[in-house]
Amino acid sequence: MMTITKYIITITLGLLTLLSCDTSKSLQSYIVEKQDDNRFLKIDLPTSLLSEIDSLSKDQKQVLASIRKINVVAYPKKEGTEQDYENETARLSLIFNQEKYQKLASFKSKNQKVSLMYLGSVTAIDEVIVYALDNQTGLAVFRLLGNDMKPSDVLKLSEMLESGNLDLSNLTGLQDVFYPNIEIKSI
């Protein structure tokens with residue numbers, strides 16, 4: 001009787017261990033994995049650097065305060081083969097097709113596709129992900145880690161980017177992926 005009890009306890013603990021492990025691939029693990037891959041452009045940018053910009057309004061600084069960090073991983077197609085590009089897009093598709101990634105919007109043009117996703121709840125967003133593909137030049141993933149960001153914060157951030165009120169000089173390597181003929185200038 002004692003060996004049966006031990007057997008049942010062992011099986012139960014083993015099943016609980018297996019069920020509690022999240023075997024799905026995460027964006028975080030993908031980004032960490034690419035840190036040592038020289039074919040990828042990697043940028044980790046604390047938003048505290050951006051919020052120091054004097055030209056920002058109080059409202060804009062509050063939006064940036066809700067974002068702790070920005071991670072960028074980009075794969076310029078010129079750094080590998082067509083098969084490498086297809087492998088990376090397939091891996092990212094597996095990650096982003098998980099139920100936890102909620103789609104906000106997507107945009108398509110002839111060669112480009114951009115998806116905007118988030119993790120968290122609609123009222124308290126923890127991460128905003130921008131996944132951009134260009135069949136001619138490459139792919140990029142922008143991961144914005146936040147503190148209970150609101151959808152309105154995400155909209156304000158996109159307006160700030162469009163208006164040019166952010167110093168993006170630290171992101172100059174990204175022009176090679178999506179806009180090789182455009183020069184990114186700091187303000």
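The shown structure was predicted, so the numbers you read here are calculated from the model rather than taken from an experiment.

Reading guide: rules and limits
Residues numbered from 1 in each chain as written. Predicted model: local features only at pLDDT ≥ 70, side-chain atom pairs only at ≥ 80, totals over all residues. Heavy atoms only, no water. Pairing = 2+ DSSP bridges. Helix = DSSP H or I, 4+ residues; strand = E, 2+ residues; numbered from the N terminus. Axes fitted to C-alpha atoms, helices over the stretch in contact; angles between N-to-C directions. Phe/Tyr/Trp six-rings, centres within 6.5 Å; stacked < 30°, edge-to-face > 60°. Buried < 20%, exposed > 50% of the residue type's maximum accessible area, 1.4 Å probe, protein only. Parallel < 35°, antiparallel > 145°, perpendicular 65-115°, else oblique. Contact = heavy atoms within 4.5 Å. Nonpolar A, V, L, I, M, F, W, Y, C, P; charged D, E, K, R; others polar. Arc of directions from axis to C-beta. Expected span 1.5 Å × (residues − 1). Salt bridge = Lys/Arg side-chain N within 4 Å of Asp/Glu carboxyl O.

> Sorry if this is basic, but what is going on with the sheet that holds strand β6 (residues 138-149) here?
Paired through their backbone hydrogen bonds, the strands of a sheet run either parallel or antiparallel. Reading across from one edge, β1-β2-β6-β5-β4-β3 is the order of the 6 strands in this open sheet, with antiparallel pairing throughout. A single partner strand is all that each edge strand has here, and the edge strands are β1 (41-46) and β3 (102-108). The mean angle between the axes of side-by-side strands here comes to 10°, regardless of whether they run parallel or antiparallel. In the sheet, strand β4 (residues 112-120) pairs with strand β5 (residues 125-134) via 9 bridges, with the strands oriented antiparallel. The partner of Gly120 across the bridge, within β5, is Ile125.

> Looking at this structure, I do not really get the packing of aromatic side chains. What am I missing?
The description of two aromatic rings rests on the distance between their centres and on the angle between their planes. Taken as a whole, this structure holds 3 aromatic pairs when the rule is applied. Ring geometry for Phe96 against Tyr101: centres 5.4 Å apart, planes inclined by 90°, an arrangement best described as edge-to-face. Ring geometry for Phe96 and Tyr131: centres 5.0 Å apart, planes at 45°, overall tilted. With a gap of 35 residues between them, Phe96 in helix α5 (residues 82-96) and Tyr131 in strand β5 connect regions that are remote in the sequence. According to the relative accessible area criterion, Tyr131 is buried, its value standing at 7%.

> What's the story with the packing of helix α2 (residues 27-34) against α5 in this structure? I'm lost.
Packed helices, taken two at a time, are described by the angle between their axes plus the distance between the axes. Between α2 and α5, the shortest axis-to-axis distance is 10 Å and the interhelical angle comes to 150°. Judged by the inter-axis angle, α2 sits roughly antiparallel to α5. Residues Leu27, Tyr30, Glu33 and Lys34 of α2 pack against Glu88, Arg91, Leu92, Ile95 and Phe96 of α5. Of the residues in the contact of α2 with α5, the class split is 5 nonpolar, no polar and 4 charged.

> Hey, could you run me through α2 in this one?
In an α-helix, one full turn covers 3.6 residues, which means residues spaced three or four apart are oriented alike. Every buried residue of α2 is accounted for by Leu27, Tyr30, Ile31 and Lys34. Here the buried residues of α2 occupy an arc of 95° about the axis, which is enough to place them on one side. Each element contacted by the buried residues of α2 is listed here: β1, β2 (67-76), α5, β5 and β6.

> Quick question: what am I supposed to make of α5 here?
Look at α5: 21 Å from first C-alpha to last across 15 residues, which is about the 21 Å you get at 1.5 Å a residue. Restricting attention to buried positions, one finds in α5 the residues Tyr85, Glu88, Thr89, Leu92, Ile95 and Phe96. One side of α5 holds all its buried residues, which, seen down the axis, span an arc of 115°. Looking at the packing, one finds that the buried side of α5 touches α2, β2, β4, β5 and β6.

> I would appreciate a short explanation of the pattern of salt bridges in the present structure.
Summed over the entire model, instances satisfying the criterion amount to 8 salt bridges. The partner of Lys34 in a salt bridge is Glu88, and the shortest N-O contact between them spans 3.3 Å. Of the two residues, Lys34 is situated in helix α2 and Glu88 in helix α5; the sequence distance between them amounts to 54 residues. Summarising the burial analysis for this pair, Lys34 and Glu88 share the class buried. It is possible to trace a salt-bridge network through shared partners that takes in Lys25, Glu33, Lys34, Glu88 and Arg91.

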